[in-house]
Amino acid sequence: MEGTYHRRELKLPAIAFSSAEGRVLFSNGMSQGYLESYFYLAEHYQTQSHPAFCGIASLAMALNGLLVDPQRKWQGVWRWYDESMLDSCESHEVMKLKGVTLSKLACFGRCNRAHVELRYGTDVLIEKFRAEVKSVCSNDKSHIQDWCAENCSTSMKDMDVDSCHCEGNVSDENKSLSRVMIVSYHRGTLNQTGSGHFSPIGGYDECTDHILIMDVARFKYSPHWVPLESLYNAMQVIDPDTDKSRGYLLLSSTKELIKLCCKPDTVDENTDRLCSRYSHSISEDGIQQYSDEEVKKSIDTENRNRLHEFLNHCCDDCCCKKILN
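Residues numbered from 1 in each chain as written. Predicted model: local features only at pLDDT ≥ 70, side-chain atom pairs only at ≥ 80, totals over all residues. Heavy atoms only, no water.

(A) Focus on the overall build of the protein chain. Summing up its helical and strand segments, the protein chain has 13 helices and 11 strands in all. Counting over 325 residues, the protein chain shows a buried share of 53%. In the protein chain, the proportion of contacts linking residues at least 24 apart, taken out of those at least 6 apart, comes to 67%. Total accessible area computed for the protein chain in this model is approximately 15500 Å², and 47% of it derives from carbon and sulfur atoms. (Helix = DSSP H or I, 4+ residues; strand = E, 2+ residues; numbered from the N terminus. Buried < 20%, exposed > 50% of the residue type's maximum accessible area, 1.4 Å probe, protein only. Contact = heavy atoms within 4.5 Å. Areas by Shrake-Rupley, 256 points an atom, 1.4 Å probe, with all protein chains shown as cover.)

Here is the structure:
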């Protein structure tokens, strides 16, 4: 059919996931312990529903992989993350025209009950990027110690991860996904068509220094391996919408962090709960299901003493922040 496309051919440096070479890389990563995160993400692998929805498709896949409970219905009686539910910082109509920026995707994550760390490519050395790829792909939980130090009321200056004092324990058999990495990069740098793109990382092969991109645009490119250095270079490209480089997000479940590292009374979950509760019913034009006064009253009642933290939790475009300002 003229003017339409059925897939694109993967070109070097990319290596197709299902190819003979791709299977060797997968086998290598398995034996090295760097495909632990793959299986959790594969259970929730999805294809973006619109050409511009790579960001929110990646986020929905990450949130479901982390077993984050959206605390609201998707369809019928089921609570589940879908792209249609992710619109707290930008409307779908706007995203269809220009996609979403890295910082706004980070805000989407925070508004939907995830702990999100944002890294711009130009701020990160390749050694740090490689170390965080290894940590995520091996499902390493040592990052929880840093989170504890920032959020637990008990002094953790000399804390070691295995002696964590909380109801869960990092050294216990914890069969859950710890973190997800979503990369933002320029396709052209990887010899692919298109420009900015988001996708989760599913694995790593230390022998060849290749990284597995679980591309959410499966109508265009299948999952594939690329050299880590090539992906790092693709994250250095400046996004014209922000005048900042592309980069990556590290997402973890706030609830899981609290369970593993904090006594029940040390962290107030209201900040994330309030934002996720109201974000789905607010558009750029105003409240659809709740009035301004209803939202403000709820926040005044439940979260008055943490209003400052709540506002800092949101990006400038977050619907919840617009109501409170």
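Picking up after the structure, the text goes on.
(B) Spotlight on helix 5 (residues 102-111). Taken across its 10 residues, helix 5 has eight buried, putting it largely inside the fold. Among all positions of helix 5, only L102, K104, L105, A106, C107, F108, G109 and C111 are buried. R113 sits one or two residues past helix 5 and shows a positive phi near 75 degrees.

(C) A look at the pattern of salt bridges. By the definition in use, this model includes 10 salt bridges. D69 serves as the salt-bridge partner of R79, at 2.8 Å between the closest nitrogen and oxygen. Highlighted residues: R79 in the loop between helix 3 (54-65) and helix 4 (92-98) and D69 in the loop between helix 3 and helix 4, separated in sequence by 10 residues. The partly exposed category is assigned to R79, whose relative accessible area is 48%. With relative accessibility at 21%, the residue D69 sits in the partly exposed group. Between D215 and R187 there is a salt bridge, with its nearest N and O atoms 3.0 Å apart. Of the two residues, D215 is situated in the loop between strand 5 (210-213) and strand 6 (224-227) and R187 in the loop between strand 3 (180-186) and strand 4 (196-205); the sequence distance between them amounts to 28 residues. The same class applies to D215 and to R187, which are both buried. The network of salt bridges with common partners includes E117, R119, E132 and R179. (Salt bridge = Lys/Arg side-chain N within 4 Å of Asp/Glu carboxyl O.)

(D) Structural context of empty space enclosed by the protein. Overall, the coordinates contain two cavities of 30 Å³ or more when judged by the stated rule. Computed from the structure, the second largest cavity encloses a volume of approximately 50 Å³. Lining the second largest cavity, in full, are L102, S103, Y120, S184, D239, T242, K244, S245 and R246. Among the secondary structure elements, those contributing two or more residues to the lining of the second largest cavity are helix 5 and strand 8 (244-245). Taken together, the residues of the lining of the second largest cavity sort by class into two nonpolar, four polar and three charged. (1 Å grid on protein atoms, 1.4 Å probe; cavity = no way out; pocket = protein on both sides within 12 Å on 5 of 7 lines; lining within 4 Å. Points joined across faces, edges and corners; volume = space filled by probe spheres on them. Nonpolar A, V, L, I, M, F, W, Y, C, P; charged D, E, K, R; others polar.)

(E) Structural detail: the pairing of strand 5. Side chains H210 and L212 of strand 5 all project onto a buried face; the interleaved residues I211 and I213 project onto the opposite face, where all are buried too. Strand direction decides the pairing type here: strand 4 and strand 5, joined by four bridges, are antiparallel. Each residue of the ladder has a partner; that of D205, found in strand 5, is H210. Counted along the chain from strand 4 to the antiparallel partner strand 5, the turn is four residues long, and its residue D209 has a positive phi close to 60 degrees. (Pairing = 2+ DSSP bridges.)

(F) Helix 3, seen in detail. The end-to-end C-alpha separation of helix 3 is 16 Å, in line with the 16 Å expected for 12 residues at 1.5 Å each. Taken across its 12 residues, helix 3 has 12 buried, putting it largely inside the fold. Buried residues of helix 3: C54, G55, I56, A57, S58, L59, A60, M61, A62, L63, N64 and G65, and no others. Residue L67 follows helix 3 closely and has a positive phi angle near 60 degrees. (Expected span 1.5 Å × (residues − 1).)

(G) Spotlight on the confidence of the model for the protein chain. Confidence along the protein chain averages 80 in pLDDT terms, with 68% of residues attaining 70 or more. Between residues 276-291, whose pLDDT stays under 50, and residues either more than four places distant or in other chains, the model counts 34 contacts. Ignoring residues within four places in sequence, the model shows residues 302-311, a span with pLDDT below 50, making 23 contacts including any to other chains. (pLDDT = per-residue confidence, 0-100.)

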